[in-house]
Amino acid sequence: MEKSFLKKLYLKDRVERINALVSARILPEKDAERLKKGSLLPQETADHMIENQIAAYELPLGVARPFLIDGQDYVVPMAVEEPSVIAAASSAAKIISLAGGFQTDIQNRTMIGQIALLDVPDMAEAEKILYVHKEEILKQANESHPSIVKRGGGAKDLIVRMIKADETANTPPFLVIHLHIETLEAMGANIIDTMVEAVKPVVEDLTKGRALMGIISNYTTKCLATAVCRIPVSLLERGIYSGAEVRDRIIEACKFAIADPYRAVTHNKGIMNGIDPVVMASGNDWRAIEAGVHAYAARSGQYRSLSNWTMADNGDLIGNLTIPLPVGTVGGSIAVHPGAQLAKRILGYQNAKELESIIVSVGLAQNFSALKALVTEGIQKGHMRLHARSLAMSAGAKGEEIRAVADKLKQRKNMDLAAAKAILEEIRSGLL
Ligand code: MEV
């Protein structure tokens, strides 16, 4: 990667940006030609992706400046509509890269499939029997999907959970079997669903219970990704605040999100501002990631901050983020959507673990940017600067007018739609 070509991308126009990515050896020429033409998803492909398709609903795809992750630089593609997200990611990436970058830890990629049983006559006995017949159940699961087994994956373990009846919630007792399945490079929903459905009759027979369903669990507590960064206070100074003050206020902001669910939701939304756009650009299922992440945030019984910010012995600020991140590099729409393939080439990741490392780091970066702004000048100033173009477009500005209206708007005290409309009128009538 030739990073020198990537400076001040935001000052270039779209074609110049694409050319810069080619010069920096991030984007192959062929991709650049296609991007210059516009849309990524051919109508014919879209038509085969879903039922009753009538159009492709497009989002802007941008790139965040290089992230230094585990010693390697990545320019990160992000599909997102919120104006400030890529700017915030880029600004955090710059500071954290200067501080040595992100270190990540991706331990397992084990997915979970559930079979829920009702009306089990003797729960304790059923549990015992299921463990006695564990190998047989796993064999049955693996025989239903031989290709994943051939590649080294498959159902590797099984656990049984007993969920008691709850009078207050009006729920019956459930006996739940979890299959622990290695889906290798895939997120694996189809593999998992095939396996759990295949073992339903076997476990019904063994327990004398009634299988209600077999389905993947998107709460992937055995597929966790962690990113850590460590930032010296010399890189944290902002406006009237010293680096040490910014550090302390970020730590306090994190404690606020640990203590209060109302704040935690917004804090975690800020983290997902980084995660979702990369998950989407990579062609993965962002609803699955969202659902799992928020359940993980509530694992203590209270919904809390997903990240943790603390002070190191030498005074550095340490950021830490762990989330369930069952993304894949194959399967689903990844092979089908040209945008996902493009993201793969831009990121140049080799496997799903590397993709997890990138995504969790972007989440932590986004959280850092939000907290840093919130505890210093507030987010509105930066947001409104970036929002100016959207306002200009909403006011009806076209082509060159958009930049002209946005530039004038940034100088106004009241940056709103009414001001944008007034500026546009003045420009059109030659007053500005
Ligand atoms: C806005 O999209 C995200 C923030 O609200 C996140 C946060 O409050 O931490 C700025």
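Keep in mind that this is a model prediction, so the values were computed, not measured.

**Here we look at helix α2 (residues 29-37)**
Note that an α-helix has 3.6 residues per turn; residues three or four places apart therefore point the same way.
Okay, so step 1: Along α2, the positions that sit buried rather than exposed are Asp 31, Ala 32 and Leu 35. Taken end-on, α2 shows its buried residues confined to a sector of 100°, consistent with a single buried face. Among the exposed residues of α2, those pointing more than 90 degrees away from its buried face are Glu 29, Lys 30 and Lys 37.
Okay, so step 2: For α2, the elements touching its buried residues are α1 (14-23) and α12 (338-347).
Okay, so step 3: Directly after α2, the chain includes Gly 38, whose backbone phi takes a positive value near 115°.

**Digging into the sheet that holds strand β7 (residues 210-217)**
Okay, so step 1: Taken together, four strands build an open sheet; the order of strands is β5-β6-β4-β7 and the sheet is antiparallel. Where the open sheet ends on each side, the last strands, each with one partner, are β5 (154-163) and β7. Within this sheet the neighbouring strands show an average axis-to-axis angle of 20°, counted without direction.
Okay, so step 2: Across seven bridges, the pairing between strand β4 (residues 110-118) and β7 is antiparallel. Bridge pairing in β7 places Leu 117 opposite Ala 211.
Okay, so step 3: Docked against the sheet, helix α5 (residues 123-132) engages β5 and β6 (174-182), running at close to 170° with respect to β5.

**A look at the site of the ligand**
Okay, so step 1: By nearness alone, every residue bordering the ligand is listed as Glu 82, Arg 263, Thr 266, His 267, Lys 269, Gly 270, Asn 273, Ala 370, Leu 374 and Ile 379.
Okay, so step 2: The separation between an oxygen atom of the ligand and a polar side-chain atom of Glu 82 is 2.6 Å.
Okay, so step 3: Between the ligand and Arg 263 there is a distance of 2.8 Å, counted from an oxygen atom to a side-chain nitrogen or oxygen.
Okay, so step 4: For the ligand, the accessible surface in isolation is 300 Å², of which the surrounding protein chains cover 87%.
Okay, so step 5: Among the secondary structure elements, those contributing two or more residues to the shell around the ligand are α10 (261-281) and α13 (352-374).
Okay, so step 6: Residues belonging to the shell around the ligand are distributed by class as follows: three nonpolar, four polar and three charged.

**Side note on the domain arrangement of the protein chain**
Okay, so step 1: Under the domain assignment used here, the protein chain contains domain 1 (64-104 + 224-375), domain 2 (110-217) and domain 3 (381-428).
Okay, so step 2: Measuring from the centre of the C-alpha atoms in domain 1 to the corresponding centre in domain 3 gives 30 Å.
Okay, so step 3: Listed as interface residues are four residues of domain 1 and, on the opposing side, four residues of domain 3.
Okay, so step 4: For the pair domain 1 and domain 3, the summed buried surface comes to about 290 Å²; carbon and sulfur atoms form 72% of the total.
Okay, so step 5: A per-residue breakdown of the area domain 1 buries against domain 3 is headed by Pro 83, Ser 84 and Ala 87, which together make up 94% of the total.
Okay, so step 6: Linking domain 1 to domain 3 there are zero salt bridges.
Okay, so step 7: Our count for the contact surface shared by domain 1 and domain 3 stands at zero residue pairs in polar contact (both at pLDDT 80 or more).
Okay, so step 8: Residues that form the side of domain 1 that touches domain 3 fall into these classes: two nonpolar, one polar and one charged.

**With respect to the side chain of Asp 193**
Okay, so step 1: Position of Asp 193 relative to the elements: it lies in helix α8 (residues 189-207).
Okay, so step 2: There is no salt bridge for the buried Asp 193, and the closest opposite charge comes from Lys 200, which lies 10 Å off by N-O distance.
Okay, so step 3: Those residues within four positions of Asp 193 in sequence are excluded, and the remaining contacts are Ile 215 and Ile 216.

**Some details on the nonpolar core**
Okay, so step 1: If you look at the biggest cluster of nonpolar residues, it comprises 57 residues, and the most contacted ones within it are Phe 67, Val 76, Met 78, Ile 275, Trp 309, Leu 325 and Phe 368.
Okay, so step 2: Among the elements that line this core, the one with the most residues is α13, at nine residues.
Okay, so step 3: The residues touching Trp 309, leaving out its near neighbours within four places in the chain, are Cys 229, Ile 231, Ile 250, Ile 251, Cys 254, Leu 317, Ile 318, Gly 319, Leu 364, Asn 367, Phe 368 and Leu 371.
Okay, so step 4: Counting 32 residues, the second-largest nonpolar core is a separate cluster that includes Met 111, Ile 115, Ile 192 and Val 202.

**A look at the packing of helix α6 (residues 134-143) against α8**
Okay, so step 1: Their axes nearest at 8 Å, the elements α6 and α8 cross at an angle of 150°. Taken together, the axes of α6 and α8 lie roughly antiparallel to each other. Taken as a pair, α6 and α8 cross one another with a handedness that is right-handed. Two secondary-structure elements touch here, α6 through Glu 136, Ile 137, Gln 140, Ala 141 and Asn 142 and α8 through Met 195, Ala 198, Val 199, Val 202, Val 203 and Leu 206.
Okay, so step 2: Its residues assigned to classes, the contact of α6 with α8 shows eight nonpolar, two polar and one charged.

**Overview of a positive patch on the surface**
Okay, so step 1: Together, Lys 7, Lys 8, Arg 65 and Lys 94 make up a positively charged patch on the protein surface.
Okay, so step 2: Residue Lys 94 is classed as partly exposed on the basis of its relative accessible area, which comes to 46%.

**A word on the layout of surface pockets**
Okay, so step 1: Of the voids in this model, the second largest pocket is the one considered here, and its volume is about 220 Å³.
Okay, so step 2: Together, 14 residues line the second largest pocket, and Glu 81, Met 272, Asn 273, Asp 276 and Glu 290 are the ones closest to its centre.
Okay, so step 3: When residues of the lining of the second largest pocket are traced back to their parent elements, those giving at least two are α10 and α11 (286-297).
Okay, so step 4: Sort the elements by how many residues they give to the lining of the second largest pocket and α10 lands first, with six residues.
Okay, so step 5: Among the residues forming the lining of the second largest pocket, the class breakdown is seven nonpolar, two polar and five charged.

Cut-offs used in this document
Counting of residues starts from 1 at the beginning of each chain's written sequence and follows it residue by residue. Since the coordinates come from a predicted model, pLDDT governs what is reported: local features require at least 70, and pairs of side-chain atoms require 80 or more to be given and counted, while whole-chain, interface and lining totals use all residues. Remark: hydrogens and water are excluded; side-chain values derive from all non-hydrogen atoms of the structure. Each residue is placed in one exposure class: buried if its accessible area under a 1.4 Å probe, protein chains only, is under 20% of its type's maximum, exposed if it is over 50%, and partly exposed if it falls in between. Labels follow the DSSP assignment, with helices taken as runs of H or I lasting at least four residues and strands as runs of E lasting at least two, numbered in each case from the N terminus. Directions drawn from the helix axis to the C-beta atoms are what define this arc. By the convention used here, residues are in contact when the closest approach between their heavy atoms is within 4.5 Å. Here, strands pair whenever DSSP counts at least two bridges between them. Axis geometry follows a simple rule: fit a line to the C-alpha atoms, using only the stretch in contact for helices, then measure angles between N-to-C directions, giving values from 0 to 180 degrees. Residue proximity to a molecule or strand is established when one non-hydrogen atom of the residue lies within 4 Å of it. Under this definition, polar contacts are N or O atom pairs within 3.5 Å; protein pairs additionally need one hydrogen-donor-capable and one acceptor-capable atom, and for neighbouring residues in sequence, both atoms have to be side-chain atoms. Here, Shrake-Rupley sampling with a 1.4 Å probe gives the accessible areas, and only protein chains in the shown set may cover a residue. Here the nonpolar group is Ala, Val, Leu, Ile, Met, Phe, Trp, Tyr, Cys and Pro; Asp, Glu, Lys and Arg are the charged ones; every other residue, Gly included, is treated as polar. An automatic or database domain assignment provides the domain bounds reported here. The term buried area means the drop in 1.4 Å probe accessible area that two parts suffer when joined, counted for both and summed. Should a side-chain nitrogen of Lys or Arg be within 4 Å of a carboxyl oxygen of Asp or Glu, the pair is scored as a salt bridge. The charged-residue count follows a simple rule in which Lys and Arg add positive charge and Asp and Glu add negative charge, with His and chain termini not counted at all. To qualify as a nonpolar core, a set must consist of buried Ala, Val, Leu, Ile, Met, Phe, Trp, Tyr and Cys residues joined through side-chain atoms within 4.5 Å. Angle categories: roughly parallel below 35 degrees, roughly antiparallel above 145, roughly perpendicular from 65 to 115, and oblique for all the rest. Take the far helix as the reference: if the near one is turned anticlockwise from it by less than a right angle, the crossing is left-handed, and if turned clockwise, right-handed. Surface patches are drawn from residues lacking salt bridges whose relative accessible area is over 30%; two like charges belong together within 9 Å, two nonpolar side chains (Val, Leu, Ile, Met, Phe, Trp, Tyr) within 5 Å. To locate a charge, take atom NZ for lysine, CZ for arginine, CG for aspartate or CD for glutamate. Buriedness of a pocket was judged along seven lines, with at least five required to meet protein on both sides within 12 Å; pockets are open sets of points on a 1 Å grid over the protein atoms alone, cavities are sets where a 1.4 Å probe fits but cannot get out, and lining residues have an atom within 4 Å of a point. Grid points are joined across faces, edges and corners, and a volume is the space filled by probe spheres set on the points.

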